[in-house]
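Topology and contacts: notes
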Amino acid sequence: MKSMIKKVLALTVVLIIMLPSLLTLVSCSSEGDSNVTTLYVYNWGEYISDGSEGTVDVNEEFERWYFDTYGERVEVTYSTYSSNEDMYAKLSGGAVNYDVIIPSDYMIERLIKEDKLAPLDYSNIPNIVNIAPEFYGKDAEYDYYDEGSMYSVPYFYGMIGIIYNTSMVDPDDEDIGSWSLMWDEDYTGNILQFNNSRDALGTAQYYLGIDVNTHDESEWRRALEKLREQKDIVQGYVMDEIFNKMENGSAAIASYYAGDYLAMYEENEDLEFFYPREGTNLYVDAMCIPKTSQNKLVAERYINFMLSVDKEYGAPAIANAEYTYYASPNKLVREDEGYIEYMGEIKDDGYEKMYDTDDVNATAYINLTSDKLALINNLWEELKSDIDVSPTIYILCGAIIATLAGFGVFFAVRKKIRNNY
């Protein structure tokens, strides 16, 4: 018996000594294989084919392709943002070192100026030959934000327009075709505005005929005043929330990106769309690698994969274009008969809405000086502060006062009853 007790005690001592090592082993096991490279990708919401509703899961296909091609395991950690400004703030915060980001043109220009992007090694991105010459190469027209494409590879492009619900907006309304529809008091409480500074101020600037890249502070303040005029008739300032609101008919009018209109139209065929005659924004979103990336080679291979139309791995460039409905700078996508047919199935003029836009008066945002960026930020804060002090606040305060008054009456009555006894 004593011998058995000694053995148990000895085993207990051994287990206590080995416990830290065992815990470390369990911890490592729970964290996953150390031979797996984690690739951090940061993108707009609703901007990649993600496997939902039978679509291709592009990130999953990349992981499979990478292992088949290089014999190494990669795991994509994918997160999203709702605006360029949100992305910039997160990137500048330095809490996470992203490997691939997909900002818009003017933001890419800013990141280059601030030395936040790594130059690309195109020997790792051979599929760059798939990009149409107007977006890449010595004759490129749309490399104004990154001349020579040293830091970015185009992902999608498009223009901003106005979406409206034909069951809620009079089709004969004379404001249809103009930015003025966004300021029409007949639709008070049914208008949605962008919840980001550059696009929201841009809607006012185009409406007023102001250069969206002006250096004149008074012109920016004119745009702010126009947004202030609008705020009393706006239902809300939104980004990705717009999908539910326009699809279920809880709003009638919204300014947003053309590709997303087609996604909404698929859920609600009462929706229509136009590019305002006063002018609108042309944008290019492109894939970049931050200087802080820990996996630049893998990131470049990810960008290369995103340009591929290899059907063995889900034809990612086509899958993304079909999922997002945005205009693709990839000539193999634009020439694909299946893709053209698919766009036509969504809407008769779906392909034309995205690609046959030569008659649209469109200009791009460019990066501004630091003092103008600070001004825009201050103007936006002014507008949002105005919005915060809204009738809703007064209603809420009134409800609280009424509730407190109710409690006062209750205790007064209770006290009177107690005194009667």
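Keep in mind that this is a model prediction, so the values were computed, not measured.

**A short note on the overall build of the protein chain**
What the protein chain contains, in helices and strands, is 15 helices and ten strands. Burial status across the protein chain gives 48% buried among its 421 residues. Long-range pairs, those at least 24 residues apart, make up 73% of the contacts in the protein chain with a sequence separation of at least 6. Of the roughly 20900 Å² of accessible surface on the protein chain, 52% is carried by carbon and sulfur atoms.

**Here's the deal with the side chain of Asn 84**
If you trace the backbone, Asn 84 turns up in helix H3 (residues 84–93). Taking relative accessible area as the criterion, Asn 84 reaches 4% and is therefore assigned buried. Setting aside residues up to four positions removed in sequence, Asn 84 forms contacts with Trp 44, Pro 103, Ser 104, Tyr 106 and Met 107.

**Notes on the nonpolar core**
Of all hydrophobic cores here, the largest spans 125 residues; its most connected members are Phe 62 and Ile 253. Here this core takes nine residues from strand S4 (residues 153–165), the largest share from any one element.

**Looking at helix H10 (residues 316–324)**
Across the nine residues that make up H10, a large majority, eight, are buried. When we look at burial in H10, the residues that qualify are Pro 316, Ala 317, Ile 318, Ala 319, Asn 320, Ala 321, Tyr 323 and Thr 324. In this fold, the buried residues of H10 make contact with helix H2 (58–70), S4, helix H8 (258–267), helix H9 (296–306), helix H11 (331–334) and helix H12 (337–346). Within two residues after H10, Tyr 325 carries a phi angle of roughly 70 degrees, on the positive side.

**Observations concerning the packing of H2 against H9**
When two helices pack together, their arrangement is given by the angle between the helix axes and the distance between those axes. Close contact between H2 and H9 brings their axes to 11 Å; oriented N to C, the two are set at 115 degrees. Judged by the twist between their axes, the crossing of H2 over H9 is right-handed. Listed contacts from H9 to Val 58, Asn 59, Glu 61, Phe 62, Trp 65, Tyr 66 and Tyr 70 of H2 are Val 298, Arg 301, Tyr 302, Phe 305 and Met 306. Of the residues assigned to the contact of H2 with H9, the class counts are nine nonpolar, one polar and two charged.

**Re the sheet that holds strand S3 (residues 100–101)**
Strand order in the open sheet formed by three strands is S2-S1-S3, with parallel pairing between adjacent strands. Only two strands of the sheet have a single neighbouring strand rather than two, namely strand S2 (74–81) and S3. The sheet strands contacting H2 are strand S1 (37–44) and S2, and the helix crosses S2 at an angle near 155 degrees. Running over the sheet, H3 touches S1, S2 and S3 and is turned about 145 degrees from S1.

**Some words on unusual backbone geometry**
Unusually for a residue other than glycine, Glu 46 sits at a positive phi of about 55 degrees. Position of Glu 46 relative to the elements: it lies in the loop between S1 and H2. Not every positive phi belongs to a glycine, and Ser 149 is a case in point at roughly 50 degrees. With respect to the helices and strands, Ser 149 occurs in the loop between helix H4 (105–113) and S4.

**What about the confidence of the model for the protein chain?**
Mean pLDDT over the protein chain stands at 88; residues scoring 70 or higher make up 84%. Taken together, the stretch residues 1–32 has pLDDT below 50 and engages in zero contacts with residues farther than four places along the chain or on a different chain. The low-confidence segment residues 409–421 (pLDDT under 50) makes zero contacts with residues lying over four places distant or belonging to another chain.

**As for the pattern of salt bridges**
Tallying each qualifying case throughout the model produces 18 salt bridges. The residue Arg 228 makes a salt bridge to Glu 225 at a minimum N-O spacing of 2.7 Å. With Arg 228 and Glu 225 both in helix H6 (residues 217–231) and three residues apart, the pair spans about one turn of that helix. Judged by relative accessible area, which is 40%, Glu 225 ranks as partly exposed. The closest approach of N and O atoms between Asp 349 and Lys 347, which form a salt bridge, is 2.9 Å. The partly exposed category is assigned to Asp 349, whose relative accessible area is 26%. By sharing partners, the salt bridges in this structure join Glu 217, Arg 221, Glu 225, Arg 228 and Glu 382 into a single network.

**Considerations on the environment of Glu 75**
Tracing the backbone through its elements, the reader meets Glu 75 in strand S2. Residue class for Glu 75 comes out partly exposed when judged on its relative accessible area of 42%. Sequence separation between Glu 75 and Arg 64 is eleven residues, and the spatial gap between their C-alpha atoms is 9.6 Å. Once residues within four sequence positions are removed from consideration, Glu 75 is found in contact with Val 36, Thr 37, Thr 38, Leu 39 and Glu 63.

**What about the packing of aromatic side chains?**
To describe a pair of aromatic rings, you give the distance between the ring centres and the angle between the ring planes. Inspection of every chain in the model, using the stated rule, returns 38 aromatic pairs. Each ring, one from Trp 65 and one from Phe 305, has its centre 5.3 Å from the other, and the planes form 35 degrees; the classification is tilted. In this pair, Trp 65 sits in helix H2 while Phe 305 sits in helix H9, placing the two residues 240 residues apart along the sequence. Just as Trp 65 is buried, Phe 305 falls in that class too. Seen from their ring centres, Tyr 339 and Tyr 355 are 6.4 Å apart, and the 85 degrees between their planes marks the pair as edge-to-face. You can see Tyr 339 sitting in helix H12 and its partner Tyr 355 sitting in helix H13 (residues 350–355), a full 16 residues away along the chain. In this structure, Arg 301 is placed above the aromatic ring of Tyr 70, and the distance from its NZ or CZ to the ring centre is 3.7 Å.

Rules behind the numbers
Along every chain, residues carry numbers that run from 1 in the direction the sequence is written. Given that this is a predicted model, residues contribute local features only at a pLDDT of at least 70 and side-chain atom pairs are listed and counted only at 80 or more, while totals for whole chains, interfaces and linings are drawn from all residues. Values shown for side chains rest on all heavy atoms present in the structure; no hydrogens or waters enter the calculation. Each helix is a run of DSSP H or I of at least 4 residues and each strand a run of E of at least 2, with the numbering of both proceeding from the N terminus. Throughout, exposure labels follow a simple rule: accessible area from a 1.4 Å probe, protein chains only, divided by the maximum for the residue type, with under 20% read as buried, over 50% as exposed, and the rest as partly exposed. Residue contacts are defined here by distance: any two heavy atoms, one from each residue, within 4.5 Å place the two residues in contact. Note on areas: Shrake-Rupley with a 1.4 Å probe; residue coverage comes only from the protein chains shown. Here, the term nonpolar core denotes a set of buried Ala, Val, Leu, Ile, Met, Phe, Trp, Tyr and Cys residues that are joined through side-chain atoms within 4.5 Å. Here the axes come from fitting lines to C-alpha atoms, over the contacting stretch only for helices, and the angles between their N-to-C directions go from 0 to 180 degrees. Rotating anticlockwise by less than a right angle from the far helix to the near helix defines a left-handed crossing, while the corresponding clockwise rotation defines a right-handed one. Three classes are used: nonpolar for Ala, Val, Leu, Ile, Met, Phe, Trp, Tyr, Cys and Pro, charged for Asp, Glu, Lys and Arg, and polar for all others, with Gly counted as polar. For two strands to be treated as a pair, DSSP must find at least two bridges joining them. The predictor's confidence in any single residue is recorded as pLDDT, a number from 0 to 100. A pairing counts as a salt bridge when a side-chain nitrogen of Lys or Arg comes within 4 Å of a carboxyl oxygen of Asp or Glu. When two rings of Phe, Tyr or Trp (its six-membered ring) have centres within 6.5 Å they constitute a pair, described as stacked for plane angles under 30 degrees, edge-to-face for angles over 60, and tilted for the intermediate range. Look at NZ for Lys and CZ for Arg. If either is within 6 Å of the ring centre and within 35 degrees of the ring normal, a charge sits over the ring.

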